[in-house]
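Each chain is listed here by its residues.
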Amino acid sequence: MAEAVSTGNPAVQQTAKKVKFVITRQDKPEGPSYTEEFEIPYRPGMNVISALMEIQRNPRNSSGKDTAPVCWESNCLEEVCGACSMVINGKPRQACSSLVDKLEQPITVAPMKTFPVVRDLVIDRSRMFSALKKVKAWIPIDGTYDLGPGPRMAETKRQWAYELSKCMTCGVCLEACPNVNEKTDFIGPAPLSQVRLFNAHPTGEMNKEERLDAIMGEGGIEACGNSQNCVRSCPKGIPLTTSIADLNKETNKRMFKRWLSV
Amino acid sequence: MKGFYARRLHSLLGIIPLGLFFIEHMITNFSAYEGGKESFDQGVAFLNGLPLVLFLEIVFIFLPLLYHGIYGLYIAYQAKPNNNHFGNERNWRYTLQRVTGVLTFIYVAWHVYDTRFQVALGNVTHEQLGGIMHNIMTNPVTFVLYAIGVVSACFHFSNGLWSFLVTWGITVGPRAQRVSSYICMTIFVVVAVMFILSMVAFRNVEFQDPTVAFESIRALVA
Ligand code: HEM
Ligand code: SF4
Ligand code: FES
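The shown structure was predicted, so the numbers you read here are calculated from the model rather than taken from an experiment.

With that settled, consider the site of ligand 2. Lining the immediate environment of ligand 2, one finds 14 residues, of which A:Cys167, A:Cys170, A:Gly171, A:Cys173 and A:Cys234 sit closest. Classifying every residue of the shell around ligand 2 gives 11 nonpolar, 2 polar and 1 charged.

Below, the structure written as structure tokens:
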């Protein structure tokens, strides 16, 4: 990288290692997108978020021109909140756990365009939260009196259900899915897997059919085309395709039951 | 709710009856390779001797094909392939399933036009179809085009069988799906080889039929 920017003293340039970023930017929700290049001083152990912070401190692009600092979202910085998802070197992932040392340069960073872009790398993931509402991804236990303890969950079941509960609604699986796009209303893998999670819970199971009916509705489970990119991209290693195949079985059973019981 | 049933019906029709017919078709054609003209003609005669054959053809082949094919084109249109960023094998088969679906659609339309449609128009008889095939297979251009169509259909069927097993909740876990991938891809190879061998068998002079030369040229030109 040093050679590419050797404008000043060559001795100084050689010691100052730089990292090159190509960032896809967008100034406003409906605005056009464009790319801007940045060269950031290298620090050991840096990740994509710390690079973005450096741009925020010193918002100057690689041709030396002042520019508006790049906007992004992040919270936990330890890959559990899902807020910092973006497309890095072509793959959707969390910026906070993307170590610069492990990325090929120049590092390309772009927003996950499956979602509406708010500004630069900030996207609006509301559709995922509406999908969770649609599939009733909760356990209704509120009442006017104490309902007492619920049934116990078998330990063997708890173990695999726990894996499904790790979902952080980050949206990576929707970005990776070729069937989640503007031509379909597919809700995507994450909310489907949540149906399996809540249906596995001994209390949640009592409302199992409501959730199955929800994913048998518009944009539901039938829109899966088995590319299986979701399971390969999920940062939490959630067995999304196993959840989907299992729910295929459950929704089919539900379909026949509904036909035969009226 | 409708989308779910429509899509399940699409999936079911892909195997029952279309997949079953596809296998039956392969066996009849393969008899041209194994037993030559005589045994192929027997197969054709047997099928046409089935009671209510026209009814069977419409209800178990034509209508399911139309439904699965047209809905399939719509499913293919809705896809936004991303194999450049996700190069795994499963994602390639996702895209190929759609590409081969479209190719199969074009191929089946052409093939039915050449054969069953000409019989329906009264231009040729069932007995002359072997002769028509001979003319198509001895022309190198139509042979290659047919081979592309046939191999596409074989892949579409075999990989469709794999996804059918997922759609119906039969193969659920990753191991089951991996084993079924091996089985279905083996089926692809076997089915494709059998169809290609039948195509080669039709090149044999015994299938030559001077009475169809005129019709098949007309069919091609039209
Ligand atoms: C006529 C043109 C055809 C088109 C355009 C077409 C299109 C498609 C498409 C796009 C899919 C993917 C659906 C999905 O992954 O969810 C599909 C699946 C399938 N197709 Fe076709 N197809 C055609 C003909 C056929 C034929 C002739 C057969 C039988 C030999 C067949 C058997 C299947 C099967 C078994 C599936 C899997 C269903 C599932 O995923 O559950 N298709 N087809
Ligand atoms: S399932 Fe995985 S990839 Fe999808 S939203 Fe949840 S954590 Fe992200
Ligand atoms: S900041 Fe929470 S996952 Fe990256």
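There is more to say, and it comes next.
Of all 10 residues making up helix H6 (residues 129-138) of chain B, 8 are buried, and the element is well covered by its neighbours. Among the residues of H6(B), B:Leu129, B:Gly130, B:Gly131, B:Ile132, B:Met133, B:His134, B:Ile136 and B:Met137 are the ones counted as buried.

Residues and elements named next belong to chain A. Residues Ser85 and Val87 of strand S3 (residues 85-88) are buried on one face, and the alternating residues Met86 and Ile88, pointing to the opposite face, are buried as well. Here S3 hands over to strand S4 (residues 91-94) after 2 residues, with asparagine 89 in that stretch at a positive phi of 50 degrees. Of the pairings in the sheet, the one linking S3 to strand S5 (residues 107-110) comprises 2 bridges and is antiparallel in character. Along S5, the bridge assignment pairs valine 87 with alanine 110.

So, about the UniProt feature "transmembrane region" (unreviewed entry) in chain B. In this numbering, the UniProt entry assigns the feature "transmembrane region" (unreviewed entry) to residues 12-32, 52-74, 95-113, 143-170 and 182-202 of chain B. Summarising residues 143-170 of chain B: 89% helix, 0% strand, and an end-to-end C-alpha distance of 38 Å.

A separate point is the packing of aromatic side chains. Counting across every chain of the model gives 17 aromatic pairs over all chains. Aromatic pair B:Phe155 and B:Phe188: ring centres 5.4 Å apart, planes at 85 degrees, arrangement edge-to-face. Of this pair, B:Phe155 sits in helix H7 (residues 140-167) while B:Phe188 sits in helix H8 (residues 174-201); the two residues are 33 residues apart in sequence, bridging distant segments of the chain. Judged by relative accessible area, B:Phe188 falls into the buried class, the value being 19%. Clustering of aromatic rings is evident, with ring pairs tying together A:Phe256, A:Trp259, B:Phe4 and B:Tyr5. For the cation-ring pair, A:Lys183 lies above B:Tyr77, with the distance from its terminal atom to the ring centre recorded as 4.8 Å. The lysine or arginine in question, B:Arg203, covers the ring of B:Phe143, its NZ or CZ lying 5.0 Å from the ring centre.

What follows concerns the sheet that holds S4(A). Remark on secondary structure: sheet strands pair via backbone hydrogen bonds, oriented parallel or antiparallel. All names here are of chain A. Spatial strand order, S2-S1-S5-S3-S4: 5 strands in an open sheet with mixed pairing. Since the sheet does not close on itself, it has two edges, and those belong to strand S2 (33-41) and S4, each with one partner. Here the average twist between neighbouring strands, direction ignored, is 30 degrees. The sheet contact formed by S3 and S4 spans 4 bridges and is antiparallel. By the bridge assignment for S4, serine 85 is matched with glutamine 94. Packed onto the sheet, helix H2 (residues 48-57) meets strand S1 (18-26), S2, S3 and S5 and runs at close to 95 degrees relative to S2.

The next point concerns the domain arrangement of chain A. Residue and element names in this part refer to chain A. The domain boundaries assigned to chain A delineate domain 1 (11-123) and domain 2 (126-260). One C-alpha centre belongs to domain 1, the other to domain 2; they are set 32 Å apart. With 13 residues of domain 1 at the contact, the number on the domain 2 side is 12 residues. Across the domain 1 to domain 2 interface the summed buried area is about 990 Å²; carbon plus sulfur atoms make up 60%. Looking only at domain 1, the three residues that lose the most surface to domain 2 are Pro92, Thr114 and Phe115, adding up to 48% of its buried area. Here lysine 236 and glutamate 79 are joined by a salt bridge, their closest N and O atoms 4.0 Å apart. Applying the counting rule to domain 1 against domain 2 returns 4 residue pairs in polar contact (both at pLDDT 80 or more). Top contributing element to the side of domain 1 that touches domain 2 by residue count: S4, with 3 residues.

Turning our attention to the site of ligand 1. All names here are of chain B. As a structural note, the neighbourhood of ligand 1 is formed by 23 residues, with Arg7, Ser11, His68, His156 and Ser163 the closest of them. Between an oxygen atom of ligand 1 and a side-chain N or O atom of arginine 98, the distance comes to 3.2 Å. At 2.7 Å from an oxygen atom of ligand 1 is found a side-chain nitrogen or oxygen belonging to serine 163. Secondary-structure elements contributing two or more residues to the shell around ligand 1 are helix H1 (2-15), helix H2 (18-34), helix H4 (53-78), helix H5 (89-121) and H7. Top contributing element to the shell around ligand 1 by residue count: H7, with 6 residues. Tallied by class, residues from the shell around ligand 1 come to 8 nonpolar, 13 polar and 2 charged.

The rules we used
- Within any chain, residue numbers begin from 1 and follow the written order of that chain's sequence.
- Here every chain gets a letter starting at A, and every ligand a number starting at 1, in the order they are written.
- For a predicted model such as this one, the threshold for reporting local features is a pLDDT of at least 70, and the threshold for listing and counting side-chain atom pairs is 80 or more; totals across whole chains, interfaces and linings nevertheless cover every residue.
- Side-chain calculation: all heavy atoms of the structure are included, whereas hydrogens and water are not.
- Any residue with a non-hydrogen atom lying within 4 Å of a molecule or strand is treated as near it.
- Asp, Glu, Lys and Arg are counted as charged, while Ala, Val, Leu, Ile, Met, Phe, Trp, Tyr, Cys and Pro are counted as nonpolar; the rest, among them Gly, fall into the polar class.
- Relative accessible area decides the class of each residue, using a 1.4 Å probe on protein chains only: under 20% of the type maximum gives buried, over 50% gives exposed, and in between gives partly exposed.
- For the purposes of this entry, the term helix denotes a DSSP run of H or I that reaches at least four residues, the term strand denotes a run of E that reaches at least two, and both are numbered from the N terminus.
- By the convention used here, strands pair only if DSSP detects at least 2 bridges between them.
- UniProt positions are given in the numbering used here, feature names are shortened, and annotations may be inferred rather than shown by experiment.
- Only rings of Phe, Tyr and Trp enter the pairing, Trp through its six-membered ring, and a pair is recorded when the two centres are within 6.5 Å. The plane angle decides the type: under 30 degrees is stacked, over 60 is edge-to-face, the rest tilted.
- Counted as over-ring charges are cases with an Arg CZ or a Lys NZ within 6 Å of the ring centre that also lie within 35 degrees of the ring normal.
- Here, axes are lines fitted to C-alpha atoms. For helices the fit covers the stretch in contact, and angles between N-to-C directions go from 0 to 180 degrees.
- Between two residues, a contact is recorded if the distance between any of their heavy atoms is within 4.5 Å.
- What marks off one domain from the next here is an automatic or database domain assignment.
- Once two parts are joined, some of their accessible surface, as seen by a 1.4 Å probe, is lost; buried area is that loss totalled over both.
- For this analysis, a salt bridge means a side-chain nitrogen from Lys or Arg found within 4 Å of a carboxyl oxygen belonging to Asp or Glu.
- In the analysis that follows, any N or O atom pair within 3.5 Å is treated as a polar contact, provided that within protein one partner can donate a hydrogen and the other can accept it, and provided that, for residues neighboring in sequence, both atoms belong to side chains.

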